[in-house]
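An overview of the molecular structure
Residue strings, one per chain:
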Amino acid sequence: MSRSGDPDLLKRISDATEKAVRDAEIYLPDDVKARLTEALKMESVVVAKQELKNILENICLAEERSAPLCQDTGIPVLYITVPYGMTWTPEMEEAVFTGIQNATEHIPLRPNLVDPLSRENTKTNTGLSMPPVHVKQGERFTITALPKGAGSENVSRIRMMNPSDKGNIPKFVVETMLEAGGRPCPPVILGVGIGGTFDVAASLAKEALLEPVDMMTDYEQEICDQVNQLGIGPMGLGGDTTCLAVKIKTAGCHTASLPVAVNIQCWAARRATVEVLL
Amino acid sequence: MRHLQTPLGDEVLSLKAGEMVTLSGTVYTARDEAHLRIMEDGFPFDPKGAVLYHCGPVVADNRIIVAGPTTSARMNRLTGFMLDAGIRGIIGKGGMSAEVRELLRARAVYFAFTGGCANLAAARMKYAGVHYPELGMAEAVWIIELDKLPLTVAMDAHGGDLFAVIEDHAHEVFQAMYPTSTTRI
């Protein structure tokens, strides 16, 4: 039943990719907007209130102007589910990259992707084995874009902890935000990956950022409250609102390991999913 | 809320860190490359009372599309000569070094504008020209007319530094929460 060579399907894959990126860049998800609105209501510091008002006004203006929320349009990390029984082909991956190139030209996006050593820009946000495309099987054919800016990515951390040190996981997360301060454009969302291997922990931390921010487990809430006690506030100018949510994902790990990764996400927590119709 | 108009004069001396203001009038965008170019070639505009904006905007057809602030700390070591020439205000995000805090004394202030708010900024801006377009869109010096951009005075002309106060406080809270200071093994 493989229709993977179908040129119409490939076109729909690139169109869906472009739309996912466009929606993510311009429209902040409702759950994130709701948390920011709630934070403004709860905030007690005058400067912080103004920062949150600016952020909420900026979100409305991006929608009105159909312009990206932030000038750092990020690197678009992609999560794709393909229906059971369908084979993911190199042509499909190529179609995804075409979608990114179209998005870069049409929205337009800032071309952010460079060679790590020569720093030469590819000008298309594609090339050099990027952007990352994570594919798994699922009920439907969907493409999710998570454009990730540099400010918050640059202050993210990973640590291979001692298994006996698991009580210190909250401390590691809180300390990560302490060191980051205002640099990742708080209020932030903290994606935490616990377990797996060195690389899996980092992937889990990023995937945690796909989770809705309107609910937290007791453990997540406890860490979130500790981060907020730091008082860093929106943009590091002080206030009650430093962290909108902590989201944790776990995977099994080696009996001698405890990898922990914290991926910081700025307030512009951009993500959007588009279905590829079959 | 106090309203300021460029060019700025001695009124900046009465501003206090933590105060919220709005700013109207001409500002000049300047990032790393523009600082280096001005240092070498001199100012393409009158620096007396002028305001710099640490920003690499997206500009199309003489329109400012998006123009959020960039991280000011990158310009820490390039700021002294700007202040010596008469610059009285700097807009950016994230604050600047203790060295810049001292350089601001008795002459200029640093304003924080909300990171990521590229549309809010653009909605309060009009394109007014460009210097050094050959430096590329992000690094050129764009001349921009502001209409009441909301800002926070983050570093004042008397050593006041809101970022430093907040950071020190956060470290104290962390120390109280976790008395041993680091998770490093």
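For the structure itself, look to the data block above.
Here, residues in each chain are numbered from 1, in the same order as that chain's written sequence. Naming scheme: in the order in which they are written, chains are lettered from A and ligands are numbered from 1. Per-residue local features are limited, in this predicted model, to residues with pLDDT of at least 70; the limit for side-chain atom pairs, both in listing and counting, is 80 or more; totals at the level of whole chains, interfaces and linings are taken over all residues.

This next bit is on the overall build of chain A. Numbering of helices and strands starts at the N terminus; helices are DSSP runs of H or I of at least 4 residues and strands are runs of E of at least 2. When its secondary structure is counted, chain A shows 8 helices and 8 strands. For a compact globule the rule gives 2.2 Å times the number of residues to the power 0.38, and the radius of gyration it is set against comes from C-alpha atoms. Relative to the compact-globule value of 19 Å for 278 residues, chain A shows a C-alpha radius of gyration of 19 Å, a close match. Oriented by its inertia axes, the alpha-carbon framework of chain A measures out at about 55 × 50 × 40 Å. When each of the 278 residues of chain A is scored for burial, the buried share is 51%. A fraction of 82% describes how many contacts in chain A between residues 6 or more apart in sequence connect residues 24 or more apart. Residues with at least 20 other C-beta atoms within 10 Å of their own are called buried, those with 12 or fewer are called exposed, and the rest are partly exposed. The C-beta atoms themselves are positioned from the backbone. Each residue is represented by a C-beta atom placed from its backbone, and any two residues with such atoms within 7 Å are regarded as in contact.

As a general point, the strands of a sheet are linked pairwise by backbone hydrogen bonds and lie either parallel or antiparallel. All names here are of chain A. At least two bridges found by DSSP between two strands is the condition for calling them paired. Within the open sheet, the 4 strands sit side by side as S2-S1-S3-S8. Their pairing is mixed. At either end of the open sheet lies a strand with only one pairing partner, and these are strand S2 (133–138) and strand S8 (272–275). On average, each strand axis in the sheet is tilted by 20° relative to the strand beside it, whichever way the strands run. Orientation is described by axes fitted as lines to C-alpha atoms, over the contacting stretch for helices, and by angles from 0 to 180 degrees between their N-to-C directions.

Here we come to unusual backbone geometry. Note that the residue after Pro-186 of chain A, namely Pro-187 of chain A, is joined by a cis bond; omega there is 10°. Mapped onto the secondary structure, Pro-187 of chain A falls in the loop between helix H6 (169–180) and strand S5 (188–196). Residues Thr-6 of chain B and Pro-7 of chain B are joined by a peptide bond in cis, for which omega reads -5°. Mapped onto the fold, Pro-7 of chain B is located in the loop between strand S1 (2–5) and strand S2 (20–29). Phi at Asn-62 of chain B takes a positive value of approximately 55°, unusual for a residue other than glycine. By the element assignment, Asn-62 of chain B lies in the loop between strand S4 (58–60) and strand S5 (63–66). Residue classification places Asn-62 of chain B among the exposed residues on the basis of 10 C-beta atoms within 10 Å.

Another aspect to go through is the sheet that holds strand S7 (residues 258–265) of chain A. All names here are of chain A. Taken together, the 4 strands give an open sheet; going across it, the order is S4-S7-S5-S6, and neighbouring strands pair in mixed fashion. The open sheet terminates on both sides in strands that have one partner only, identified here as strand S4 (157–161) and strand S6 (243–253). With direction set aside, neighbouring strand axes in the sheet form an average angle of 15°. Across 9 bridges, S5 lies against S6 in parallel orientation. Its bridge partner lying in S6, Gly-195 is registered against Ala-251. The strands that H6 touches are S4, S5, S6 and S7; relative to S7, the one it contacts most, it runs at about 35°.

A word on H6 of chain A. One fewer than the residue count of a helix, multiplied by 1.5 Å, yields its expected span. The first and last C-alpha atoms of H6 of chain A sit 17 Å apart over 12 residues, in line with the 16 Å expected at 1.5 Å per residue. Across the 12 residues of H6 of chain A, 10 count as buried, placing the element largely inside the fold. Along its buried surface, H6 of chain A packs onto S4, S5, helix H8 (218–229), S6 and S7 of chain A together with helix H5 (162–177) of chain B. The positive-phi residue at the C-terminal boundary of H6 of chain A is Gly-181 of chain A, with phi of around 55°.

This part is about the environment of Lys-148 of chain B. Residues and elements named next belong to chain B. Structurally, the position occupied by Lys-148 is in strand S9 (residues 141–155). We classify Lys-148 as partly exposed; it has 14 C-beta atoms within 10 Å. Taking the C-alpha atoms as reference, Lys-148 lies 14 Å from Asn-119; in sequence the two are 29 residues apart.

Attention shifts here to the interface of chain B and chain A. Contacts between chain B and chain A engage 37 residues on the former and 41 residues on the latter. Among the elements of the structure, S5, helix H4 (118–123), S9 and H5 of chain B are those that each provide at least two residues to the side of chain B that touches chain A. Among the elements that take part in the side of chain B that touches chain A, H5 of chain B stands out by supplying 10 residues, more than any other. Counted by class, the side of chain B that touches chain A contains 22 nonpolar, 13 polar and 2 charged residues. Here the nonpolar group is Ala, Val, Leu, Ile, Met, Phe, Trp, Tyr, Cys and Pro; Asp, Glu, Lys and Arg are the charged ones; every other residue, Gly included, is treated as polar.

The geometry of a pair of packed helices is captured by two quantities: the angle between their axes and the separation between those axes. Residue and element names in this part refer to chain A. Interaxial distance between helix H1 (residues 7–26) and helix H4 (residues 90–106) falls to 7 Å at its minimum, and their mutual angle equals 40°. Compared by their axis directions, H1 and H4 come out oblique. The crossing of H1 and H4 is right-handed. The segment H1 lies against H4, with Leu-10, Ile-13, Ser-14, Asp-15, Thr-17, Glu-18, Val-21 and Arg-22 engaging Glu-91, Met-92, Ala-95, Val-96, Thr-98, Gly-99, Ile-100, Asn-102 and Ala-103. Here the contact of H1 with H4 is composed, by residue class, of 8 nonpolar, 5 polar and 4 charged. Roughly parallel here means an angle under 35 degrees, roughly antiparallel means over 145, roughly perpendicular means 65 to 115, and every remaining angle is called oblique. In this scheme the handedness of a crossing depends on how the near helix is turned from the far one: anticlockwise by less than a right angle means left-handed, clockwise means right-handed.

Residues and elements named next belong to chain A. Where helix H2 (residues 30–42) meets helix H3 (residues 46–65), the axes come as close as 9 Å, and the angle between the chain directions of the two elements is 150°. One element, H2, and the other, H3, form an angle in the roughly antiparallel class. In this structure, the crossing between H2 and H3 has a hand that is left-handed. Across the interface between the two elements, Lys-33, Leu-36, Thr-37, Ala-39 and Leu-40 from H2 touch Lys-49, Leu-52, Lys-53, Ile-55, Leu-56 and Ile-59 from H3. Grouping the amino acids of the contact of H2 with H3 by side-chain chemistry returns 7 nonpolar, 1 polar and 3 charged.

Let's shift gears to the nonpolar core. Taken as a class, soluble globular proteins show a tendency for nonpolar side chains to be buried jointly. Residues Leu-190 of chain A together with Val-109, Phe-111 and Ala-154 of chain B are the most contacted members of the largest nonpolar core, which totals 136 residues. The greatest single-element share of this core, amounting to 9 residues, is contributed by S9 of chain B. Not counting residues within four places of it along the chain, the set of residues in contact with Ala-154 of chain B comprises Leu-237 of chain A together with Ala-17, Gly-95, Tyr-110, Phe-111, Ala-112, Leu-162 and Phe-163 of chain B. By definition, a nonpolar core groups buried Ala, Val, Leu, Ile, Met, Phe, Trp, Tyr and Cys residues that connect through C-beta atoms lying within 7 Å of each other.

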